[in-house]
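# A structural walkthrough
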Amino acid sequence: LTCQVKTRRRRTPRTRPKRTTRKHRPELTARSTARSQMIKKQMIRKLMTSHPTLGSLLMIRRMAAEQTAEGILKMRRNKADYVNFGGAGDDEDPYANDEETYKDHFRKTFITQDKGKKEQVTLYTLHDMMIPAGRTAKLVRVPDPFAEDFRVSEPLDKLKFIEPTPVIILAGAMTERAGKVLAGVARAAFRAGAVIIDSGIGSGIEKFCMRKNVPLIGVCPESEISYPVNSSNKKENELTNGHTHFFLIGSDENNKKYKWGEEAQLKAEIAKRISKGRSKYGSSYVCKIVVVVVGDNPKCIEDLVQASENQFPIIALEGSQM
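Residues numbered from 1 in each chain as written. Predicted model: local features only at pLDDT ≥ 70, side-chain atom pairs only at ≥ 80, totals over all residues. Heavy atoms only, no water.

This brings us to the nonpolar core. Side chains of a nonpolar character, in soluble globular proteins, are inclined to be buried together. In terms of nonpolar packing, the biggest core is built from 30 residues, with Ile197, Ile217, Phe247, Leu266, Ile270 and Ile274 touching the most fellow members. At the level of secondary structure, the elements contributing two or more residues to this core comprise strand S2 (136-142), strand S3 (167-171), strand S4 (195-198), strand S5 (216-221), strand S6 (245-249), helix H7 (264-276) and strand S7 (289-293). Top element by residues in this core is H7. It accounts for 5 residues. Setting aside its immediate chain neighbours within four residues, Ile270 contacts Val152, Leu156, Ile197, Val219 and Phe247. Leu170, Leu182, Ile205 and Phe208 belong to the second largest nonpolar core, which has 18 residues in total. (Core = buried A, V, L, I, M, F, W, Y, C linked by side-chain atoms within 4.5 Å. Buried < 20%, exposed > 50% of the residue type's maximum accessible area, 1.4 Å probe, protein only. Helix = DSSP H or I, 4+ residues; strand = E, 2+ residues; numbered from the N terminus. Contact = heavy atoms within 4.5 Å.)

Below, the structure is given as structure tokens:
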């Protein structure tokens with residue numbers, strides 16, 4: 001018996017033409033962007049005819065956003081040419097011998113005005129601080145942190161610290177220290193999802209926190225620090241880039257001045273509030289708080305006192321002066 005076996009021919013797959021996406025054709029992206037901008041302008045014009053107040057507000061908001069974007073691009077382009085706040089060289093700095101005038105000009109130029117209610121001005125104010133040639137940080141100015149009506153939970157709620165988060169407090173970190181030690185602290189905070197609280201001035205941990213996107217909060221008296229200047233000669237008590245938030249206690253305008261060590265209580269309150277968190281239904285657990293003693297200066301004794309009173313674990317680094 002003979003069988004006839006039919007052999008099937010393999011069909012050649014049909015080659016479909018490649019779809020032209022926006023990645024392959026950048027002109028599509030530009031065209032869609034221009035079209036969306038045109039649609040937004042038409043909607044604003046219709047709103048201005050039907051609802052003049054709402055339309056004018058949207059137009060003002062759009063103009064302000066465009067001016068802000070142009071200012072940021074201009075600042076990035078001129079970052080390499082920027083010398084210092086005065087716009088002159090180090091030898092011709094007009095604010096070299098006048099710290100109070102420099103602080104006043106810095107507040108008016110790089111710190112936004114408070115947008116909150118007038119009732120909150122006496123307790124705290126919220127700002128955005130643009131660090132020259134650096135990132136924008138959230139700034140909280142507290143004239144009197146020991147006032148009876150002041151609650152640290154109010155500004156932290158507005159800064160979106162809601163979930164319970166571990167906290168690492170750096171005690172005495174006020175000078176440039178070996179990078180390996182502080183890199184390990186930043187790495188541990190990144191793996192644990194923790195927040196780091198320090199004195200707000202240069203300690204060497206800022207660059208490691210920027211690489212890992214670790215929140216870094218600086219708490220310090222306003223009378224003991226100086227605002228940042230983009231120059232080669234940096235001051236020891238200068239606020240540094242890399243901090244995501246700043247809490248400044250006291251006010252030069254109201255003659256309320258505090259010294260180093262008096263901010264330790266506010267540090268502990270911020271750490272306790274962040275570790276507890278604040279959710280809609282209430283947090284059922286509390287995260288850990290650890291105090292790492294760098295001990296570069298004897299001004300961190302108050303941090304250790306607050307740690308012992310609140311029963312925070314203390315880790316002393318090897319080679320610390322304390």
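The strands making up a sheet associate through backbone hydrogen bonding, with each pair oriented either parallel or antiparallel. A sheet is described by the order of its strands in space; here 8 strands give the open sequence S1-S2-S6-S5-S4-S3-S7-S8, paired in mixed fashion. In the strand order of this sheet, the two ends are held by strand S1 (125-130) and strand S8 (314-316), each with one partner. Neighbour to neighbour, the strand axes of the sheet diverge by 25° on average, direction disregarded. Along the sheet, H7 contacts S3, S4, S5, S6 and S7; its crossing angle with S3, the most-contacted strand, is approximately 165°. (Pairing = 2+ DSSP bridges. Axes fitted to C-alpha atoms, helices over the stretch in contact; angles between N-to-C directions.)

Relative to each other, H7 and helix H8 (residues 301-309) sit at 45°, their axes nearing to 9 Å. One way to sum up the angle between H7 and H8 is to call them oblique. H8 is crossed by H7, and the crossing has right-handed handedness. For the pair H7 and H8, contact is made by Ala264, Gln265, Lys267 and Ala268 and by Glu302, Asp303 and Gln306, respectively. Of the residues in the contact of H7 with H8, the class split is 2 nonpolar, 2 polar and 3 charged. (Parallel < 35°, antiparallel > 145°, perpendicular 65-115°, else oblique. Left-handed = near helix turned anticlockwise from the far one by under 90°. Nonpolar A, V, L, I, M, F, W, Y, C, P; charged D, E, K, R; others polar.)

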